[in-house]
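Summary of the model geometry
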2 protein chains.
Amino acid sequence: MGNTGDMGIDVSGLGDFIRDQRDQAQMSLRQLAKAADVSNPYLSQVERGLRKPSAEILGRIAQGLRISAETLYVQAGILAQRAGDDTVTTAIAADRTITERQRTTLLQIYAAFQAENQATAANHSSESSDDETLNEQSKMEVSHGSE
Amino acid sequence: MGNTGDMGIDVSGLGDFIRDQRDQAQMSLRQLAKAADVSNPYLSQVERGLRKPSAEILGRIAQGLRISAETLYVQAGILAQRAGDDTVTTAIAADRTITERQRTTLLQIYAAFQAENQATAANHSSESSDDETLNEQSKMEVSHGSE
DNA sequence: CCCATGTGCTTGCATTTGCAAACGTAAGCG
DNA sequence: CGCTTACGTTTGCAAATGCAAGCACATGGG
């Protein structure tokens, strides 16, 4: 019982994250469960932090959500959360599974996304209809302060 | 029993790998088990492919072996082994300078680029005026041959 | 109203994971 | 020889994982 409680606390971030992704994808719990080839009661328990899924199940859920498995591994604490934009830039530049033109395109899109976020932070207006943008801002402010 | 057999076949690569690493580190099974804070009988079973350890246990074993957890995740089939693919995907997933939706979008574009390259390789036409595309093809053919 | 369909959750259970106690064997020492 | 220590393995079991059957509720249509 106590363990169950602890487990809920430890993994609730993951469950919330999966729930958020599912909402964004406008999928019902049963739809995602089917897409992920996971039982819907179990998915429900995972989202509510009552169960801690294995990496295999995480992989399947990620597939159903059409996001990378690594994203969920990070949320679950299986993979380390490496910060910094140079990591993405370096990785893309070094990637040989896509052409140079594609690499350039990806880097440009990435930079545009970052600029978009910077502009939103600079404005700091009440324009934000997106709670997630607000959360991102506060996180960036925190990390900036630590640097 | 039949399942155990299958499990042995599926995970024997991981077990052998752990055993090899342990031998190289000149540690006994009990020493590694202690360093990894894992029971030695269980570690024995893992090495012989009788059990499939969770990501958490893998992380602990990696710690005991003083190797990266990702190395064992790859061996266990939790993480993809394609170097470039893995690095970019992981980096994007972990990046906090862009929003979740932007991360998803980037990952989708990245995947689409890769699929595009796969399709180009499948066609294998002489249309390639790009030397780099040719290099990509030969690399992919090599990796395909090793599989 | 009733019925059908969809939603997320509860519950019992089979299987798997990881551990503790114990085992059999080998090596070194008095 | 017996004893101690170390080695890797066997075995039984508690807890956790993941599933199937079922539940309660909401919504829409005839």
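The text that follows walks through the structure, step by step, so that each part is easy to find. (Residues numbered from 1 in each chain as written. Chains lettered and ligands numbered in written order. Predicted model: local features only at pLDDT ≥ 70, side-chain atom pairs only at ≥ 80, totals over all residues. Heavy atoms only, no water.)

**Some words on the overall build of chain A**
Along chain A, the regular secondary structure elements total 8 helices and 0 strands. Listing each helix as α and each strand as β along chain A from the N terminus yields α-α-α-α-α-α-α-α. Restricting the contact set of chain A to residue pairs at least 6 apart, pairs at least 24 apart contribute 42%. (Helix = DSSP H or I, 4+ residues; strand = E, 2+ residues; numbered from the N terminus. Contact = heavy atoms within 4.5 Å.)

**Considerations on the environment of Glu56(A)**
Position of Glu56(A) relative to the elements: it lies in helix H4 (residues 55-65). In this structure the C-alpha to C-alpha distance between Glu56(A) and Ala69(A), which are 13 residues apart in sequence, comes to 9.3 Å. Only 3.3 Å separates the side chain of Glu56(A) from the side chain of Lys52(B), close enough to count as a polar contact. (Polar contact = N/O pair within 3.5 Å; in protein donor to acceptor, adjacent residues only side chain to side chain.)

**Let's talk about the protein's contact with DNA strand D**
By nearness alone, 24 residues border DNA strand D, and Tyr42(A), Ser54(A), Leu29(B), Arg30(B) and Ser44(B) come closest of all. Sugar and phosphate atoms constitute 56% of the interface atoms of DNA strand D, taking the interface as everything within 4 Å of the protein. Taking Lys52(A), its main chain carries an N or O atom lying 3.2 Å from a phosphate oxygen of DNA strand D. Note that a phosphate oxygen of DNA strand D is positioned 2.8 Å from one of the side-chain N or O atoms of Arg48(B). Of all elements in the fold, only helix H1 (2-24), helix H3 (40-47) and H4 of chain A together with helix H2 (29-36) and helix H3 (40-47) of chain B reach the threshold of two or more residues within the surface near DNA strand D. (Near = heavy atom within 4 Å.)

**Concerning the packing of helix H4 (residues 55-65) of chain B against helix H5 (residues 69-76) of chain B**
All names here are of chain B. Where H4 meets H5, the axes come as close as 8 Å, and the angle between the chain directions of the two elements is 130°. Considered as vectors, H4 and H5 are oriented oblique to each other. For the pair H4 and H5, the sense of crossing is right-handed. Together, Ala55, Leu58, Gly59, Ile61 and Ala62 of H4 and Ala69, Leu72, Tyr73 and Ala76 of H5 make up the contact between the two elements. Taken together, the residues of the contact of H4 with H5 break down into 8 nonpolar, 1 polar and no charged. (Axes fitted to C-alpha atoms, helices over the stretch in contact; angles between N-to-C directions. Parallel < 35°, antiparallel > 145°, perpendicular 65-115°, else oblique. Left-handed = near helix turned anticlockwise from the far one by under 90°. Nonpolar A, V, L, I, M, F, W, Y, C, P; charged D, E, K, R; others polar.)

**Observations regarding the protein's contact with DNA strand C**
In the vicinity of DNA strand C lie 23 residues, with Leu29(A), Arg30(A), Ser44(A), Tyr42(B) and Ser54(B) positioned nearest. In DNA strand C, atoms within 4 Å of the protein come 56% from sugar and phosphate. A distance of 2.6 Å is found between a phosphate oxygen of DNA strand C and a backbone nitrogen or oxygen belonging to Leu29(A). Between DNA strand C and the protein, one listed contact pairs a phosphate oxygen with a side-chain N or O atom of Ser54(B) at 2.5 Å. When residues in the surface near DNA strand C are grouped by element, the largest group, 4 residues, is from H3(A).

**A short note on the packing of H2(B) against H4(B)**
All names here are of chain B. It is the contact of H2 with H4, at a shortest axis distance of 7 Å, that shows an interaxial angle of 115°. Of the possible angle classes, the one that applies to H2 and H4 is roughly perpendicular. As for the relative orientation of H2 and H4, their crossing is right-handed in sense. When H2 is examined against H4, the residues Leu32, Ala35 and Ala36 are found in contact with a partner set consisting of Arg60, Ile61, Gly64 and Leu65.

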